[in-house]
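# Coordinates in review
Read off the chains here:
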Amino acid sequence: MKRALVLSGGGARGAFQVGVLKYLKEINWTPDLIFGTSVGAINAAGLGTGMSIDQMILLWQAYRRKKMFRLTLPTLIHSLKSRKRFSPMSDTRPLQKLLETHIRLDNLKNAGPEIYISALNMKTGQICYFNKHAVTIKHLMAASAIPGLFGWQYIDNVPYWDAGLMVNTPINPALQLKATEIVAVLHSPVGAFNMEEPRSHMDVAQLVFEHFLIGSYTNALPDTSWQVNPDALCHATPLPNSPQLQLAANGTRILTVAPTRMLGLRSLLNFSLRQATTLIDEGYNNARIQLKNELTST
């Protein structure tokens with residue numbers, strides 16, 4: 001059996017993943033493949049370097065936004081007034097220092113599981129999956145470079161930024177590498193649970209963004225309904241944890257852990273202790289409930 005862990009992007013919502021990792025550790029579920037986008041790439045790298053779950057929890061609870069990126073009025077004004085050359089809205093040197101301090105890349109190269117992080121080639125629009133032997137701090141900075149807010153990174157003279165724009169949940173490479181059991185950690189309840197219709201403009205904006213977050217996952221799912229009834233009037237992509245995904249065409253079991261509530265747009269950049277602690281707890285409890293009796297332990 002080949003197990004894969006897929007970690008989505010989602011900014012400060014990445015604390016939710018740490019709670020899921022805590023549960024997976026408790027039941028001795030160990031992945032052979034780990035894929036990460038944006039903050040999922042950073043969590044994947046941390047896991048691959050041998051950081052304990054307790055260390056990851058402390059890291060998430062210790063660092064506030066100002067210790068990761070600085071968003072000041074002068075920086076914002078300079079960015080918006082810059083016309084000849086793009087200037088990012090924030091200073092991400094604190095994030096780079098954080099990664100250099102805590103991510104031991106030599107350990108990553110010797111990690112047991114195969115680890116892949118994604119970044120988007122700005123010139124071609126191609127998603128590139130860098131394996132653990134290629135990853136540097138610059139790759140992690142590129143993987144988490146939110147367009148506009150953060151500056152892009154050059155890797156071999158090619159500009160890269162956050163692949164979450166196109167593939168926020170990188171499940172397709174796990175399917176391509178023939179994983180037989182996949183756990184995908186989502187940062188949105190949309191796609192995992194039925195949502196109420198929006199009532200306000202803010203509700204519409206939030207739902208649009210949640211669809212954006214979940215889109216790459218939904219579109220990558222194997223839809224066996226085409227084989228079951230090719231003449232059906234409607235072919236809807238399968239819901240997470242549905243029978244269609246329990247035994248997909250290639251025999252892969254796809255399981256998900258997702259929040260059970262809308263987290264709100266502000267949650268993306270909310271690196272407060274309160275949110276981090278809440279999401280870690282929710283990730284753990286949701287994984288315990290949503291994955292109960294579903295996974296095979298080592």
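Above this text sits the structure in question.
Read on for a plain summary of the structure.

Rules used throughout
- Residues numbered from 1 in each chain as written.
- Predicted model: local features only at pLDDT ≥ 70, side-chain atom pairs only at ≥ 80, totals over all residues.
- Heavy atoms only, no water.
- Helix = DSSP H or I, 4+ residues; strand = E, 2+ residues; numbered from the N terminus.
- Buried < 20%, exposed > 50% of the residue type's maximum accessible area, 1.4 Å probe, protein only.
- Polar contact = N/O pair within 3.5 Å; in protein donor to acceptor, adjacent residues only side chain to side chain.
- Contact = heavy atoms within 4.5 Å.
- Pairing = 2+ DSSP bridges.
- Axes fitted to C-alpha atoms, helices over the stretch in contact; angles between N-to-C directions.
- Parallel < 35°, antiparallel > 145°, perpendicular 65-115°, else oblique.
- Left-handed = near helix turned anticlockwise from the far one by under 90°.
- Patch = residues over 30% accessible without salt bridge, like charges linked within 9 Å, V, L, I, M, F, W, Y side chains within 5 Å.
- Areas by Shrake-Rupley, 256 points an atom, 1.4 Å probe, with all protein chains shown as cover.
- Salt bridge = Lys/Arg side-chain N within 4 Å of Asp/Glu carboxyl O.

Inspection of the secondary structure puts Ser118 in strand S3 (residues 114-121). Among the residues examined, Ser118 registers a relative accessible area of 0% and is labelled buried. At 2.7 Å, the side chain of Ser118 and the side chain of Thr37 are in polar contact. Those residues in contact with Ser118 that lie beyond four places of it in its chain are Gly36, Thr37, Ile127, Cys128, Tyr129, Ala143 and Ala163.

Attention now goes to the pairing of strand S6 (residues 158-161). Sheet topology places S3 next to S6; 2 bridges connect them, and they run antiparallel. Counted as the bridge partner of Leu120 is Trp161 from S6. In this sheet, S6 lies alongside strand S5 (residues 153-155) in antiparallel orientation, the contact comprising 3 bridges. Its bridge partner being in S6, Gln153 is matched across the sheet by Tyr160. The turn joining S5 and S6, which pair antiparallel and follow one another in sequence, is formed by 2 residues; a positive phi near 55° is taken by Asp156.

Let's shift gears to the packing of helix H2 (residues 39-48) against helix H3 (residues 53-62). Angle between the axes and distance between the axes: these two values describe a pair of packed helices. Contact pair H2 / H3: the axes reach a minimum separation of 10 Å and the direction vectors enclose 140°. The angle between H2 and H3 falls in the class oblique. Along this stretch, H2 crosses H3, giving a crossing that reads as right-handed. Across the interface between the two elements, Val39, Asn43 and Leu47 from H2 touch Ile53, Met56 and Trp60 from H3.

For the rest of this paragraph, the subject is H2. Of all 10 residues that make up H2, 9 are buried, and the element is covered over most of its length. Positive backbone phi, at 95°, marks Gly50, one or two positions downstream of H2.

Bringing a nonpolar patch on the surface into the picture now. Taken together, the side chains of Leu165, Met166 and Phe212 present a nonpolar region at the surface, about 270 Å² in accessible area. Secondary-structure assignment places Met166 in the loop between S6 and helix H8 (172-176).

What follows concerns the pattern of salt bridges. Scanning the entire structure with this criterion turns up 6 salt bridges. In this structure, the salt-bridge partner of Glu114 is Lys132, at a minimum N-O distance of 3.9 Å. Here Glu114, found in strand S3, pairs with Lys132, found in the loop between strand S4 (127-131) and helix H7 (137-143); they are 18 residues apart in sequence, far enough to count as distant. Arg253 is paired through a salt bridge with Glu294; the nearest N and O atoms lie 3.1 Å apart. One end of the pair, Arg253, is in strand S8 (residues 253-257); the other, Glu294, is in the segment after helix H12 (273-290), with 41 residues separating them in the sequence. Note on Glu294: relative accessible area 31%, which makes it partly exposed. Connected through salt bridges with shared partners, the residues Arg3, Glu181, Arg253 and Glu294 form a single ionic network.

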